[in-house]
Structure formats: structure tokens, C-alpha cells
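Examining the three-dimensional arrangement
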Amino acid sequence: EDQVTQSPEALRLQEGESSSLNCSYTVSGLRGLFWYRQDPGKGPEFLFTLYSAGEEKEKERLKATLTKKESFLHITAPKPEDSATYLCAVRHNGGATNKLIFGTGTLLAVQP
Amino acid sequence: EPEVTQTPSHQVTQMGQEVILRCVPISNHLYFYWYRQILGQKVEFLVSFYNNEISEKSEIFDDQFSVERPDGSNFTLKIRSTKLEDSAMYFCASSVWVAGRRGPVYEQYFGPGTRLTVT
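Residues numbered from 1 in each chain as written. Chains lettered and ligands numbered in written order. Predicted model: local features only at pLDDT ≥ 70, side-chain atom pairs only at ≥ 80, totals over all residues. Heavy atoms only, no water.

Our focus in this paragraph is the overall build of chain B. Looking only at helices and strands, chain B features zero helices and 11 strands. Seen in sequence order, chain B has helices and strands lined up from the N terminus as β-β-β-β-β-β-β-β-β-β-β. Taken over C-alpha atoms, the radius of gyration comes to 14 Å for chain B, in line with the 14 Å a tight globule of 119 residues would show. Dimensions of chain B, computed from C-alpha atoms along their principal axes, come out at roughly 45 × 25 × 25 Å. Split into buried and exposed, the 119 residues of chain B put 44% on the buried side. (Helix = DSSP H or I, 4+ residues; strand = E, 2+ residues; numbered from the N terminus. Rg over C-alpha atoms; globule rule 2.2 N^0.38 Å. Buried < 20%, exposed > 50% of the residue type's maximum accessible area, 1.4 Å probe, protein only.)

Before going further, it helps to examine the pairing of strand β4 (residues 30-38) of chain A. Side-chain direction in a regular strand flips from residue to residue, so the side chains alternate between the two faces of the sheet. Residue and element names in this part refer to chain A. Extensive coverage of β4 is indicated by the burial of nine of its nine residues. In terms of strand pairing, β4 meets strand β5 (residues 45-50) through five bridges, oriented antiparallel. Of the residues in β5, the one forming a bridge with Y36 is F46. Counted between consecutive antiparallel strands, the loop separating β4 from β5 contains six residues, among which G41 sits at a positive phi close to 75 degrees. (Pairing = 2+ DSSP bridges.)

Right, let's get into the environment of C88 of chain A. Residues and elements named next belong to chain A. Locating C88 in the fold gives a position in strand β9 (residues 84-92). Exposure remark for C88: the relative accessible area of 0% places this residue in the buried category. Separated by 84 residues in the primary sequence, C88 and V4 have C-alpha atoms spaced 7.5 Å apart. Dropping the residues within four chain positions of it, C88 is found in contact with V4, Q6, C23, L33, F34, W35, I101, F102 and G103. (Contact = heavy atoms within 4.5 Å.)

This paragraph deals with the sheet that holds strand β3 (residues 19-26) of chain A. Residue and element names in this part refer to chain A. Strand order in this open sheet of five strands is β1-β3-β8-β7-β6, and the pairing throughout is antiparallel. Each edge of the open sheet is held by one strand with a lone partner, namely β1 (3-7) and β6 (56-59). Pairs of neighbouring strands in the sheet enclose a mean axial angle of 15 degrees, with direction left out of account. (Axes fitted to C-alpha atoms, helices over the stretch in contact; angles between N-to-C directions.)

Attention now goes to the packing of aromatic side chains. Think of a pair of aromatic rings as described by two things: how far the centres are apart, and how the planes are tilted against each other in angle. Inspection of the entire model under this criterion finds 15 aromatic pairs over all chains. Their ring planes at 75 degrees and their centres at 5.9 Å tell us that Y36 of chain A and F46 of chain A sit as a pair that is edge-to-face. One end of the pair, Y36 of chain A, is in strand β4; the other, F46 of chain A, is in strand β5, with 10 residues separating them in the sequence. Ring geometry for Y35 of chain B against F45 of chain B: centres 5.6 Å apart, planes inclined by 75 degrees, an arrangement best described as edge-to-face. You can see Y35 of chain B sitting in strand β4 (residues 31-37) and its partner F45 of chain B sitting in strand β5 (residues 43-50), a full 10 residues away along the chain. In terms of burial, Y35 of chain B and F45 of chain B fall into one category: buried. An aromatic cluster is built from Y36, F46 and F102 of chain A together with Y33, Y35, F45, F91, Y109 and F110 of chain B, whose rings are joined through pairwise contacts. (Phe/Tyr/Trp six-rings, centres within 6.5 Å; stacked < 30°, edge-to-face > 60°.)

Okay, the interface of chain B and chain A next. How big an interface is tends to be expressed through the accessible area that disappears when the partners come together. Taken together, the 26 residues of chain B in the interface contact 24 residues of chain A. Taken together, both faces of the contact between chain B and chain A bury some 2100 Å²; the carbon and sulfur share is 55%. Linking chain B to chain A there are one salt bridge. In this structure, K99 of chain A and E56 of chain B form a salt bridge, with 4.0 Å as the shortest nitrogen-oxygen distance. For the interface between chain B and chain A, the tally reads six residue pairs in polar contact (both at pLDDT 80 or more). In terms of residues, the side of chain B that touches chain A owes the most to one element, strand β10 (residues 103-110) of chain B, which gives eight residues. Here the residues of the side of chain B that touches chain A sort into 15 nonpolar, five polar and six charged. (Buried area = accessible area lost by both parts, 1.4 Å probe. Salt bridge = Lys/Arg side-chain N within 4 Å of Asp/Glu carboxyl O. Polar contact = N/O pair within 3.5 Å; in protein donor to acceptor, adjacent residues only side chain to side chain. Nonpolar A, V, L, I, M, F, W, Y, C, P; charged D, E, K, R; others polar.)

See the structure below:
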């Protein structure tokens, strides 16, 4: 069964303190790993798609990387406005399926 | 920037009542989805819809649920007889495919959600 596990569940950083969030996955044929940001009471906001091991993508202070078993979301010099829940999701190689399987997320709090 | 919109933002209903949640997907997108998130839990897939028919549904999406695209812009989720356990945030998403190294990838964009409270 396809599974996505995110760690840590919660992370508290000081402004400017860089760190990484982990997403490990078990899926029968990965057809895309997705990172989303979710603010309280809001819908997931698309950040990145990664397709294959070794791929990296960057957006402002965020950088996502992918291996065959896990993905990391690196946050460099975070600011308080980066506080949110970061969700990882995978789409598996199930023919016509487009459904995303989500992890439980990492709740990031950045203190000024 | 185009975005997915959902109405209402909050719906309170009594157990056994029917509710319809509405979504307007991004205009050039062809694939539509409903997900739900029970408070404190994962986002869970309910159903996907393409070319005016359901392409996939989860075990959660039983006979009490239905989806419809009544016109060229709206996409609805109906729950015929709500239960207490249907209380959750319901998210609509839409996607268009993007060429990936191993075939098309469907980047899904989510709406702000409808909070459904069943009392």
C-alpha cells in the first residue's frame, strides 16, 4: 500500500535558522512528488513537483530535493511568514489515476 | 492569477440533510477532484472527474456522495444524507497536465475549502 510519512510533526525555528523537513514515501512507481503549503483554515497551496531522483527545485527560501525513497524541503534563513503546515503528496503509477496520497504534514513555526 | 473558488466557506447542517458544495475550477483545467480533511488528519482523496464522468473514487465515496458538472464552469459535490462523521473541510482541486520526464504529471491546484459541520 502506498504510504507517505513526514517528519518531524512539528518544528520551531528562530528567524534565520535554516532546517529541513523530511518526506519518506513507499509507492509502486512514483509519478510525481508534490509539496504544498497549508495555512490554518485554508486549502493546500502548490509549491513544487519533483519527478525523478536527483531532481531539485527552488522557490525563494525553499528548496526541494528528491531521492528514490524520500524528499527534503530545505528552508534557508526562514522568516515568520514561512510559518505554515507543509504537506507532501505522491501520485503513483496506477494507470489513469491522478489521486494524490498525502502525508500528515509538518507544522513549522518561525519565531522572530 | 487564476484560482479555484469554493462556496460556501462554511456550511452547518443537521444530520440526515442533503448538502451541495460548489466549486469553480480554473477555467482551462480538465480534471477535477474532491478531497476532504477531517480536523487534525490527513487530506484524503474522494473522487476524480474527467470528461463528464468519474474516473476514480475512494472507499469513502459511497452511494451517499455524488458529483456533477452542471454547466461549463461549476463542479459540485452532493452528500445525500449527512452523518456526523462527514464533518470536515472539503477541498475542490483542478489540474491540467504538464509534460514530465516519465509522462504527463497532473499538478493539482486546490480551492480554499468548505468547512462542513454536521450537528
